Amino acid sequence: MKSNNRVRIFDTTLRDGEQALRRSLSKDEKLQLAKAIAKLNVDVMEVGFPASSPGDFASVELIAKEIQGPTICALARAVPEDVIACGEALKPAQHKRIHIFIATSPIHLEKKLNINLQAATDKAVEAISIAKEYTDDIEFGCEDATRTPPEDLCYIIEKAIAAGATTVNLADTVGYTTPKEFHQLLSHIKANVSNIDQAILSVHCHNDLGLAVANSAESLLAGVRQIECTVNGIGERAGNCALEEITMLLSARKDLFGLYTNIKTELIKPTSELVSSVARMPVQLNKAVVGGNAFAHSSGIHQDGVIKSSITYEIFHPEQVGISKNELYFTARSGRKAIAHFLTQTGCPCEDQEINNIYNQFLQLADKKGQVYWYDLTSLYYKNKVNLCD
Ligand code: KIV
Ligand code: ZN
C-alpha cells in the first residue's frame, strides 16, 4: 500500500450525494456543482453512474469535458455494460477513473445477487480487465465490506489488485461498523493481502449510526489514504462522511493525525451553501463546521470567553472555512459582558452603572421575547440615555 502523509479526498456528492435527493439533478445543475467541487481542489470527483440513465451518462460526459484538474470518476457495477458506459462517458476527461464495485457480504451475496464469493470475484476480475481498455486508474470497491468475513475480503481484494485495480475501497455501506472494529479489519487486510502495497486503500463510510466521520478518521490511523465523502454529508439514507468535517478534523488535529489534504478550506462554506441550495437540502443549524450555529455563541460564559479570546470556545477560526466572523446572539442566557461589548462595538459605549441598568432591562425583555435583536439593544441604550438626562 502506498503510504504517505497526504490524504486523497474523493468527493462523491454528485453520485452518492445525488442518490439522497428526492429529485435528481439536471445536467446543468450537476455541472454547476462540479465546478464548485473542483475549485475545492478535491483529488477525485465521482460524478455519476452512467449506466443508470441516458441523462446521467450525458452529465458524466459533460463534466468530463468541462472540468480540468481533479480526476473524474464514474461508478460501475461489476458488469461489462456498466464498465463500457463509464469508459465511453469519461472519454473526454483529462484524468479519468472507473470505480467498479460488487457486494461481498454473505447477506448481499445470498439475498441480493444470489451468487457466491467466487462468482463475485470472477465478475470483478472480468470488469477490471474491461476497464483497463479505457484507463489505468481503476478503483475496486467491496460493497458492505464491514459485514463481510475478513478472509473473504482478503481473497477478492488480492484478485482485484492482481487484475489491475490501483485503489481498493472498503464500503461501510450501512454504517454498521465502529471505529475500533474498522481499524482491526483494515489492519487484517493490510497484513493478509500479499499485494496490498500496489494499491491505495480507501474507505466509504455511511452515517446510519452517526459514525461516518469517526470511522473514516480511525481508518486513517490504520493506514488508509483515500476518504470518500460528500459536501454536507449528503448521501443515501443518513448520508456519508462529510467532506468538511473530515477535512477540518485533519487540519485542527494535525498533532494527532499528522496528515493533510489539498482542500482549499476557505471555500468550504460557500460550497456547502451552493450544494444545499442546488440540491434543496437544508443544512441543520447545529451541523459541524458549516451549520448556522457552528460559530455562534449564546450563553454568557461562552460569550465572555470568546470576547476575551476566540480560542476559548472555537477550535479553528471561522475564516479558515470561509465564514466571515463568529456571531454572538442575545437571549436570557447571555451575559452583561456580551451586551457591553456589543454596545461598545456599535458606537454606544456605557459606564458601569448604565450597563447595569441596561442589562436588567435586557433580561426582562429577553424573558418576554425569547431573542433580543441588535435594534432592541440600541433602543434600550438610547432610552437609558434619555432617562439619565431627565
Ligand atoms: O455505500 C456503498 O457501498 C456505495 C458503493 C457503491 C461504493 O455507495
Ligand atoms: Zn455509499
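Residues numbered from 1 in each chain as written. Chains lettered and ligands numbered in written order. Predicted model: local features only at pLDDT ≥ 70, side-chain atom pairs only at ≥ 80, totals over all residues.

Visitor: Explain the UniProt feature "domain: Pyruvate carboxyltransferase" (unreviewed entry) in the protein residue by residue, including any values.
Guide: UniProt records the feature "domain: Pyruvate carboxyltransferase" (unreviewed entry) for residues 7–269 in the present numbering. Along residues 7–269 the backbone is 46% helical and 17% strand, and the end-to-end C-alpha distance reaches 21 Å. (UniProt positions renumbered as here; feature names shortened; annotations may be inferred. Helix = DSSP H or I, 4+ residues; strand = E, 2+ residues; numbered from the N terminus.)

Visitor: For the packing of helix α7 (residues 150–163) against helix α8 (residues 179–192), give the residues involved together with the corresponding values.
Guide: Axis separation between α7 and α8 bottoms out at 10 Å; the angle between their running directions is 45°. The angle between α7 and α8 places the two elements in the oblique class. Pair α7 / α8 crosses with right-handed handedness. Between α7, through Pro 150, Leu 153, Cys 154 and Ile 157, and α8, the contact on the second element is made entirely by Leu 185, His 188, Ile 189 and Asn 192. Tallied by class, residues from the contact of α7 with α8 come to six nonpolar, two polar and no charged. (Axes fitted to C-alpha atoms, helices over the stretch in contact; angles between N-to-C directions. Parallel < 35°, antiparallel > 145°, perpendicular 65-115°, else oblique. Left-handed = near helix turned anticlockwise from the far one by under 90°. Contact = placed C-beta atoms within 7 Å. Nonpolar A, V, L, I, M, F, W, Y, C, P; charged D, E, K, R; others polar.)

Visitor: Provide a residue-level description of the environment of Glu 29, including the pertinent values.
Guide: Within the secondary structure, Glu 29 is located in helix α2 (residues 27–39). C-beta crowding within 10 Å serves as the criterion here: with 16 such atoms nearby, Glu 29 is assigned to the partly exposed category. (Buried ≥ 20, exposed ≤ 12 C-beta atoms within 10 Å, placed from the backbone.)

Visitor: Tell me about α8, residues and numbers included.
Guide: Residues separated by three or four positions in an α-helix point in the same direction, a consequence of the helix having 3.6 residues per turn. Taking 1.5 Å of rise per residue, 14 residues should cover 20 Å, and α8 covers 20 Å from first to last C-alpha, within 8% of that figure. All buried positions along α8 are accounted for by Phe 182, Leu 185, Leu 186 and Ile 189. Along the axis of α8, the buried positions cluster into a sector of 95°, meaning they face one direction only. Turned more than 90 degrees off the buried face of α8, the exposed positions are Lys 180 and Ala 191. (Expected span 1.5 Å × (residues − 1). Arc of directions from axis to C-beta.)

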